[in-house]
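Now for the letters of each chain:
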Amino acid sequence: MTAVAQECPVHQGRDDRKSAKIAEANLAPQHGARPVGSFGLSRDLLRSSKVRQAGPAGSPTDDAEIKNPGEVSFFFLDGEEHRKRRAAVAGLFAPKTIVTRHQAVMTSTMDDIVAKLRARGSAPLDELSWHMAVVVAADIIGLTDSDSTENLANRVKAVLDSSLSKSRGPLGKVVFMIQMLTRVGRFWKQDMVPAIAARQLEPKDDVISYMVKENYSKKGMIMEALSYGGAGMMTTREFIVMCAWHLFEKPALRERFLGGEEADQFAILEEILRLEPVASLLHRRAAEDIETKDGAMVKKGEVVAVSIRDANTDEAITGPCPFELDPDRAKRMKVVGPYMSFSDGPHRCPGAQVALHETRIFLDRLFRLPGIRMEREPEILWSPQIQGYELRGCVVACDPA
Amino acid sequence: MVAITFIAADGAERTIDASEDLSLMENAVGNGIEAIEAVCSGNAYCGTCRVYIDPAWRGVLGEAGEIELPMIEAAGDETPGVRLSCQITVTPELDGLVVRTPVSQS
């Protein structure tokens, strides 16, 4: 499912991607799913009202499993129920809200991160990016009444970093389920319950306040909060580290980033994300026969596996040299910068702009620190859970305060 | 082709030859109308492709629907005739359409 650059007239078809090899070796579309890699077809299918989410067998995205939509995160719903629930929280992710509310959270969080890094002299970069991602997502969700941010982050990580897809024997699965129930229970008691109690007394503008108002069940609240957590925290942690890695390695790009206006900084980040999308595959099932704009046919019941990586490097939309990091590409091609990296259609990532803003603020501050340097490169790992990369072990250092 | 005129907040006018079956937003971006940001690329999830429909055309295009309203409200934009241009499909009936664009989309 890898796109091939047909004609790349400059730089001998340079390939700036860091995550392509591990993705190619590990990407696992669902058995029997039809691969889709062209940008146009991907967009048509993802935007079609005739497709439904199609997760792995047994996931809550199977229609048969969604007997009670109130207990399923809206991330996994479709149609009117999905639209209604997404619309109810749309304002939390609007550009105006980011500017008037979230940017202040991002900036103050970065103050804390910088203070921590300067006091220690060096730190694992994914630990710092995780801190930022957790605080920002927690504020949007409403997880702001925990005993401490660090403990909240650890409890969320304990739940989200576990993977049901890891192979285990029958006994191992039982042990794992008990561990998971314990971890989720801890998250409920120590993070969700105090947040809910606070919002029952005084509603705020966040997801938990909405769920309290709409009388969500305990299971429904946990599912929704963890889905936001997974989407907003885990992926942003990786995105920040990936962008930092590229900027550490490319002095000219780093100089342009630090000297550029916000729009240019976003163009750089979006172009990195085009080449290094954190999630790589999206599965959809046709609820009825579909004929796309290009005349492609998808039969009712057929599952398609949309490759974000292939769509993002489709020369029909990127122009030549699709594997080169070229921040001017999107403007030249008159397209929106992240291409398909945040998905498309009704399930496009609601927090896309939030992620871009927090990454911009994080990196703008990090690279202005005196003596900032990368002491150790990250190791690229693969997460079967999100079908995407994880970057661990990167250590950054700066001059002490 | 369908002639559509964009009037910027400073009064500058530009008429484009819009392609049918694409959205008004896609036509604007493709023709370099910088006041249309469309950061979600046409999914009605960002509210940064807002336009104000000229009064003479509001009857033709109608009001913003339930897909558009949450993001228009989130943008705090109460200007009469406001719509998300990503939700308007260009058809031959829109030949001569005039829209205005805001000072800022965010």
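For clarity, every value in this text was computed on a predicted model and none was experimentally measured.

**Here we look at the overall build of chain B**
- Secondary structure assignment for chain B yields three helices and five strands.
- Reading the secondary structure of chain B in the N-to-C direction produces β-β-α-β-α-α-β-β.
- Here the C-alpha atoms of chain B give a radius of gyration of 12 Å, agreeing with the 13 Å that 2.2 N^0.38 yields for 106 residues.
- Dimensions along the principal axes, computed over C-alpha positions, put chain B at roughly 35 × 25 × 25 Å.
- Expressed as a percentage of its 106 residues, the buried residues of chain B come to 44%.
- Long-range contacts, defined here as pairs at least 24 residues apart, represent 63% of the contacts in chain B between residues at least 6 apart.

**What to know about the sheet that holds strand E4 (residues 281-286) of chain A**
Residues and elements named next belong to chain A.
- Taken together, the four strands give an open sheet; going across it, the order is E1-E7-E4-E2, and neighbouring strands pair in mixed fashion. The strands lining the two open edges of the sheet, one partner per strand, are strand E1 (34-36) and strand E2 (51-53). For this sheet, the mean angle separating the axes of adjacent strands, direction not counted, is 35°.
- Pairing of E2 with E4, which is carried by three bridges, proceeds in the antiparallel orientation. Note on E4: the bridge partner recorded for valine 51 is alanine 286.
- The sheet contacts of helix H2 (residues 39-47) involve E1, E2, E4 and strand E7 (303-307), and relative to E7 the element is tilted by about 130°.

**As for the environment of isoleucine 53 of chain B**
All names here are of chain B.
- Looking at where isoleucine 53 falls in the secondary structure, it is placed in strand E3 (residues 50-53).
- Accessibility expressed as a C-beta count within 10 Å gives 24 for isoleucine 53, which makes it buried.
- C-alpha separation for the pair isoleucine 53 and leucine 69, spaced 16 residues apart in sequence, amounts to 15 Å.
- Isoleucine 53 has contacts with Arg58, Leu61, Gly81, Arg83 and Val99, leaving out every residue within four places of it along the chain.

Parameters and conventions
- Every chain is numbered on its own, with residues counted from 1 as its sequence reads.
- Whichever chain is written first is A, and whichever ligand is written first is 1; the rest continue in order.
- Local features in this predicted model are restricted to residues of pLDDT 70 or higher, and side-chain atom pairs are both shown and tallied only at a pLDDT of 80 or more, whereas totals for entire chains, interfaces and linings draw on every residue.
- Secondary structure elements follow DSSP: runs of H or I no shorter than four residues count as helices, runs of E no shorter than two count as strands, and numbering proceeds from the N terminus.
- Every radius of gyration here is taken over C-alpha atoms, with the globule rule written as 2.2 Å times N^0.38, N being the number of residues.
- Partly exposed residues are those whose C-beta has more than 12 but fewer than 20 other C-beta atoms within 10 Å; with 20 or more the residue is buried, with 12 or fewer it is exposed, and the C-beta atoms are placed from the backbone.
- The contact criterion used here is simple: two residues whose C-beta atoms, placed from the backbone, lie within 7 Å are in contact.
- Should DSSP find at least two bridges between two strands, the strands are regarded as paired.
- Under this scheme, a helix contributes an axis fitted over its contacting stretch, all axes are lines through C-alpha atoms, and angles between N-to-C directions fall in the 0 to 180 degree range.

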